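Structural overview
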Amino acid sequence: QVQLVESGGGLVQAGGSLRLSCAASGRAFSMYGMGWFRQAPGKEREFVATIDWNGSNTYYGDSVKGRFTISRDNAKNTVYLQMNSLKPEDTAVYYCAANPAKGILTTLPQSIVYWGQGTRVTVSS
């Protein structure tokens, strides 16, 4: 069992940066693939980024590629999402996600096992 707690959301102007953190409980964290999804009002949950168990493989959604960077620190049981060059369309609730497997996550939200409670990101124009 893994519990995920996100932090770092907030209000930022377009072009700015934020770093989200996801703290995970449980000794198995270092063996889990992790990632981030987001959900804007009235829209379906969307894949953002994922990282495998040791950080050697990452994958990004097309809308964030080149602007967002996912990383993890297994010693701290934490995964990060560095978001640069933010746009108003990045406004959403961002959710940390985990699956009990070493590889990167699926991009399908229905296949995710563990979710955090979400942190809100608002980008003003």
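Details of the structure are given in the entry above.
This report concerns the structure included in the present document. (Residues numbered from 1 in each chain as written. Predicted model: local features only at pLDDT ≥ 70, side-chain atom pairs only at ≥ 80, totals over all residues. Heavy atoms only, no water.)

All right, on to the packing of aromatic side chains then. Throughout the structure, instances matching the rule amount to five aromatic pairs. Plain terms: the ring middles of Phe-37 and Phe-47 are 5.6 Å apart, the flat faces sit at 75° to each other, and that makes the pair edge-to-face. Note that Phe-37 is positioned in strand β4 (residues 33-39) and Phe-47 in strand β5 (residues 46-51), a separation of ten residues in sequence. The exposure class assigned to Phe-47 is buried, which follows from its relative accessible area of 10%. One aromatic cluster is present, formed by Phe-37, Phe-47, Tyr-59, Tyr-95 and Trp-115 through successive ring pairs. Here the guanidinium or amino end of Arg-45 rests over the ring plane of Trp-115, the centre of that ring lying 4.6 Å away. The lysine or arginine in question, Arg-72, covers the ring of Phe-29, its NZ or CZ lying 4.6 Å from the ring centre. (Phe/Tyr/Trp six-rings, centres within 6.5 Å; stacked < 30°, edge-to-face > 60°. Helix = DSSP H or I, 4+ residues; strand = E, 2+ residues; numbered from the N terminus. Buried < 20%, exposed > 50% of the residue type's maximum accessible area, 1.4 Å probe, protein only. Lys NZ or Arg CZ within 6 Å of the ring centre and 35° of its normal.)

Counting buried residues in β5 gives five out of six residues, a clear majority hidden from the surface. Sheet topology places β4 next to β5; five bridges connect them, and they run antiparallel. Bridge pairing links Trp-36 to Ala-49 in β5. Counted between consecutive antiparallel strands, the loop separating β4 from β5 contains six residues, among which Gly-42 sits at a positive phi close to 75°. Pairing between β5 and strand β6 (residues 58-60): three bridges, direction antiparallel. Its bridge partner lying in β6, Thr-50 is registered against Tyr-59. A loop of six residues connects β5 with β6, the two strands running antiparallel in sequence, and Gly-55 in this loop sits at a positive phi of about 80°. (Pairing = 2+ DSSP bridges.)

Tallied over the entire structure, the rule returns one disulfide. Two residues, Cys-22 and Cys-96, share a disulfide whose sulfurs are 2.1 Å apart. Measuring handedness by torsion sign, the sulfur bridge of Cys-22 and Cys-96 sits at about -85° and is left-handed. Placement of Cys-22 in strand β3 (residues 18-24) and of Cys-96 in strand β9 (residues 92-99) is noted, with a sequence separation of 74 residues between them. (Disulfide = S-S within 2.5 Å.)

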